[in-house]
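Structure assessment
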Amino acid sequence: MLGTLPGVARAMQAALSGSSVEEAVAKLRPGQFIWAPDVAPDGPVMIIVSLEKQRAYVYRNGVLIGVSTVSTGKKGHETPTGVFTVLQKAKDHKSNLYNNAPMPFMQRLTWDGIAMHAGSLPGYPASHGCIRLPMAFARQLYGVTSLGLTVVITRNGEVPRVAPTPDALRADGGTVATDGDSGKWEPNLAPTGPISIVISAKDLKLIVLRDGVEIGRTPITIDGPVAETTAYTLRAIEGDQYHWLQLPLPGQTVSPNQELLPEERKRLHVPEGFRARLAAILAPGTTVVLTPDSLKSSGSGKKLTVIKGEDIKDPGDRY
C-alpha cells in the first residue's frame, strides 16, 4: 500500500515501480508512506525513527514492512534520541499541554510528553518533540503495535535494512563456521516463531530470521541481475516441491496465485549444508524478500541513551 497526499497516488506508484527500496524511500514527499505488511505477516514489531532523514521505518519479524515521512521536534523542542518502549496507546487522544490539540492514534514513548501520533507534516521538524505521522500510516501502525515494543530514535540517516534484534543499530556481526559452509546457523537463538528470509543481491548474503531474531546467514550467488525488490510467501510444501507465491509490493502488479518459476529459483545458489538446514525448518507462511539493496548499516557512531519507562514518574496525562 502506498499512502500519499490527495491526488498523487497514481504518479507515486509509477515512480516506485522498479525502484530499489532506498530510491523509493528517498522519493517520498511529506505525508507519503509505503506500507507492505504481507512481506512479514507475523512476528515482533520494531520501529526506527531517523531525525536526519525525517523517516520512520517499521520492521516485523526483522523485515522492513513500512516506511513513512515524519515531522519531529523543532528547535528548542527537539525529539530525544534513545531506545524507548511504547508505554500507552489511545486512538483518540488530546494534548493537555498544547490547547487540547488532537493526537490521533497516539502511542506514548515517555510520560513527560513524547509520543508518536497522526499530525501535520510540513516536510521538516515542526512538533514540540512528538513524532508526527500521516493519518493513514498512523492508523495502520497502531493496528500492528503492542505495548512494550521497541522504538529507536536516532539522528543517524543510515538505518538497517534488516532489524533482527532490539539492538537495532549494532555493527554487522561476524559469522560462525558450520560444516564448512562459512556461514552461521544458530536456531536455538529463537527455537520457535515465524520465519523470514532476506536475500541481498548486493551483499550476496542470505539471512534467516525467526521470531525477529537472526538465526542464520550464509554467502550465496545469484545468476543474472536483480532489478527490483520482490517478495514471496511459501504457500505449500508437497514432497520436495516448494510453492512460493509472489506478493505484490507498492508499484508492482502481480497476477493472483503467481508462483515463483523453477528457472527463477535455480538462479539462487546456496551452500548445500545450509540449504538442508533451512529446508528442515521451512513451513507454509514463511516469507522471502529479495532486494538489490545492501543489508548493511553504518550504525549511529554514538552510544544511545536508554530511557526506561519505570525510571520516569507518571505526572498524569499532561499532554
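Residues numbered from 1 in each chain as written. Predicted model: local features only at pLDDT ≥ 70, side-chain atom pairs only at ≥ 80, totals over all residues. Heavy atoms only, no water.

Examining the overall build of the protein chain
Check the secondary structure of the protein chain and you find five helices and 20 strands. Classification of the 319 residues of the protein chain by burial places 50% in the buried group. In the protein chain, of all internal contacts separated by at least 6 residues, the share reaching a separation of at least 24 is 65%. Accessible area for the protein chain stands at about 14900 Å²; split by element, carbon and sulfur atoms hold 52% of it. (Helix = DSSP H or I, 4+ residues; strand = E, 2+ residues; numbered from the N terminus. Buried < 20%, exposed > 50% of the residue type's maximum accessible area, 1.4 Å probe, protein only. Contact = heavy atoms within 4.5 Å. Areas by Shrake-Rupley, 256 points an atom, 1.4 Å probe, with all protein chains shown as cover.)

So, the packing of aromatic side chains
Taken as a whole and assessed by the stated rule, the structure comprises four aromatic pairs. Centroid distance W185 to F274: 5.3 Å. Interplanar angle 80 degrees. Geometry classified as edge-to-face. Residue W185 is located in strand β12 (residues 184-185), and its partner F274 is located in helix α5 (residues 272-281); the two are separated by 89 residues in the primary sequence. The pair formed by W185 and F274 is uniform in burial state, with each residue classed as buried. Taken together through their ring pairs, the aromatic side chains of F33, W35 and F137 make up a single cluster. Sitting over the face of the ring of Y142, K89 holds its NZ or CZ atom 4.2 Å from the ring centroid. (Phe/Tyr/Trp six-rings, centres within 6.5 Å; stacked < 30°, edge-to-face > 60°. Lys NZ or Arg CZ within 6 Å of the ring centre and 35° of its normal.)

A look at the confidence of the model for the protein chain
Residues at a pLDDT of 70 or more form 78% of the protein chain, whose mean pLDDT is 80. Looking over the protein chain, one finds the lowest element-wise mean pLDDT in helix α1 (residues 9-16), namely 42, and the highest in strand β10 (residues 131-133), namely 97. Counting contacts from residues 4-17, a segment whose pLDDT is below 50, to residues more than four positions away or on other chains yields 22 contacts. Segment residues 298-319 is flagged for pLDDT under 50; beyond a separation of four residues in sequence, or across chains, it makes 46 contacts in the model. (pLDDT = per-residue confidence, 0-100.)

A closer look at helix α3 (residues 135-144)
The complete set of buried residues in α3 reads F137, A138, L141 and Y142. Summarising the axial view, the buried residues of α3 lie within an arc of 135 degrees, below the 170-degree limit, and thus occupy one face. (Arc of directions from axis to C-beta.)

A short note on the sheet that holds strand β17 (residues 230-238)
An order of β12-β15-β14-β13-β20-β17-β18 is seen for the seven strands of this open sheet, with the pairing classed as mixed. If you trace the sheet from one side to the other, it starts and ends with β12 and β18 (241-247), each paired once. The pairing of strand β13 (residues 195-200) with strand β20 (residues 287-291) spans five bridges and is classified as parallel. Residue pairing across strands places S196 opposite T287, the latter belonging to β20. Each of β12, β13, β14 (205-210), β15 (213-219) and β18 touches α5; the most contacted strand, β14, lies at about 30 degrees to it. (Pairing = 2+ DSSP bridges. Axes fitted to C-alpha atoms, helices over the stretch in contact; angles between N-to-C directions.)

Let's talk about α5
Because an α-helix packs 3.6 residues into every turn, residues spaced three or four apart end up facing the same way. For α5, every residue scored as buried is listed here: F274, R277 and L278. Along α5, the residues classed as buried sweep out an arc of 100 degrees about the axis, all on the same side. Of the surrounding elements, those touching the buried residues of α5 are β12, β13, β14 and β15.

Re the nonpolar core
Across soluble globular proteins, nonpolar side chains have a tendency to be buried as a group. One finds L109 and L133 to be the most contacted residues of the largest nonpolar core, which totals 39 residues. Among the elements that make up this core, the one with the highest residue count is α3 (four residues). The two domains that each donate at least three residues to this core are domain 1 (18-154) and domain 2 (184-291). In this structure L133 touches A56, T69, V70, M116, H117, A118, G119, L121, A138 and L141, once residues within four positions along its chain are discounted. In this structure, L206, L260, F274 and L290 belong to the second largest nonpolar core, which totals 20 residues. (Core = buried A, V, L, I, M, F, W, Y, C linked by side-chain atoms within 4.5 Å. Domains from an automatic or database assignment.)

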